[in-house]
Amino acid sequence: MSATAVATPTTPLLRRRALGVAAAVVACLAIWAIGALAGVDYTVENPGQPARVIGAGAIVTVALGATLLGWAALALLERFAKRFARPVWISLAVLVTLLSFAPLIGTEATGGAKLALGATHVAVAVMLIALLPARRR
């Protein structure tokens, strides 16, 4: 007897969502790298805290964490409010993206650093909104 893998209807959606997470992280890392190559100083200082340099590891960690939280929120909405999951989640993603700019405003950093870091916030939102929700039928 041979064992064959049975593809479930969710397999393409799972792949697409994993691709969305990976694409968001890679996009953020690419934005950070382009900025670094262009000479952007990623030193940031928040009030009451010492200055720190935002490195590639921090970019990957935060982007991955944000994307996985977004995926989890979508999964919960799909489980408990299937009919409204897509529009509610997209609205929530836009709202969270807008709110994510608040720390950038209060942070002491160069204009290039703020621009590049802000672009990473937008990149996560674009990739997740484009790839996480199930396609409409």
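For clarity, every value in this text was computed on a predicted model and none was experimentally measured. (Residues numbered from 1 in each chain as written. Predicted model: local features only at pLDDT ≥ 70, side-chain atom pairs only at ≥ 80, totals over all residues. Heavy atoms only, no water.)

Visitor: What am I meant to see in the packing of aromatic side chains here?
Guide: Aromatic ring pairs are described here by two measures, namely the spacing of the ring centres and the angle between the planes. In total, this model carries 1 aromatic pair according to the counting rule given. Judged by centre distance (5.6 Å) and plane angle (20 degrees), the rings of Trp32 and Tyr42 are stacked. Of this pair, Trp32 sits in helix 1 (residues 11–37) while Tyr42 sits in the loop between helix 1 and strand 1 (43–44), and the two are 10 residues apart along the sequence. Across the pair, Tyr42 and Trp32 agree in class, each one buried. (Phe/Tyr/Trp six-rings, centres within 6.5 Å; stacked < 30°, edge-to-face > 60°. Helix = DSSP H or I, 4+ residues; strand = E, 2+ residues; numbered from the N terminus. Buried < 20%, exposed > 50% of the residue type's maximum accessible area, 1.4 Å probe, protein only.)

Visitor: Teacher, can you tell me more about the packing of helix 1 against helix 2 (residues 56–80) here?
Guide: The relative placement of two packed helices comes down to the angle between their axes together with the axis-to-axis distance. Two elements in contact, helix 1 and helix 2, have axes whose closest approach is 9 Å; the angle formed by their N-to-C orientations is 150 degrees. Viewed along their axes, helix 1 and helix 2 adopt a mutual orientation that is roughly antiparallel. In terms of crossing hand, the pair formed by helix 1 and helix 2 is right-handed. Where helix 1 approaches helix 2, its residues Leu14, Arg17, Ala18, Val21, Ala24, Val25, Cys28, Leu29 and Trp32 are matched on the opposing element by Ala56, Ile59, Val60, Ala63, Leu64, Thr67, Leu68, Trp71, Leu74 and Glu78. Residues of the contact of helix 1 with helix 2, tallied by class, amount to 16 nonpolar, 1 polar and 2 charged. (Axes fitted to C-alpha atoms, helices over the stretch in contact; angles between N-to-C directions. Parallel < 35°, antiparallel > 145°, perpendicular 65-115°, else oblique. Left-handed = near helix turned anticlockwise from the far one by under 90°. Contact = heavy atoms within 4.5 Å. Nonpolar A, V, L, I, M, F, W, Y, C, P; charged D, E, K, R; others polar.)

Visitor: I tried to follow a nonpolar patch on the surface on my own but got confused; where do I start?
Guide: A cluster of nonpolar side chains, namely Leu92, Leu95, Val96 and Leu99, defines an oily patch on the protein surface of about 350 Å² accessible area. Within the secondary structure layout, Leu99 lies in helix 3 (residues 85–99). (Patch = residues over 30% accessible without salt bridge, like charges linked within 9 Å, V, L, I, M, F, W, Y side chains within 5 Å. Areas by Shrake-Rupley, 256 points an atom, 1.4 Å probe, with all protein chains shown as cover. Salt bridge = Lys/Arg side-chain N within 4 Å of Asp/Glu carboxyl O.)

Visitor: Explain helix 3 to me, please; I cannot follow it from the model alone.
Guide: For the α-helix, the turn length of 3.6 residues means that residues three or four positions removed from each other point alike. With 15 residues, helix 3 ought to run about 21 Å at 1.5 Å a step, and its terminal C-alpha atoms sit 21 Å apart, in line with that. For helix 3, every residue scored as buried is listed here: Ala85, Trp89, Ala93 and Thr97. Along the long axis of helix 3, the arc covered by the buried residues comes to 90 degrees, so they all point the same way. Counted as exposed and oriented over 90 degrees from the buried face of helix 3: Leu98 and Leu99. In this fold, the buried residues of helix 3 make contact with helix 2 and helix 5 (111–131). (Expected span 1.5 Å × (residues − 1). Arc of directions from axis to C-beta.)

Visitor: Please clarify how the layout of surface pockets should be interpreted in this entry.
Guide: One number sums up the size of the largest pocket: a volume of about 760 Å³. Along its surface, the largest pocket is lined by 28 residues, and Val62, Ala66, Ser100, Thr120 and His121 are the ones closest to its centre. Sort the elements by how many residues they give to the lining of the largest pocket and helix 2 lands first, with 8 residues. (1 Å grid on protein atoms, 1.4 Å probe; cavity = no way out; pocket = protein on both sides within 12 Å on 5 of 7 lines; lining within 4 Å. Points joined across faces, edges and corners; volume = space filled by probe spheres on them.)

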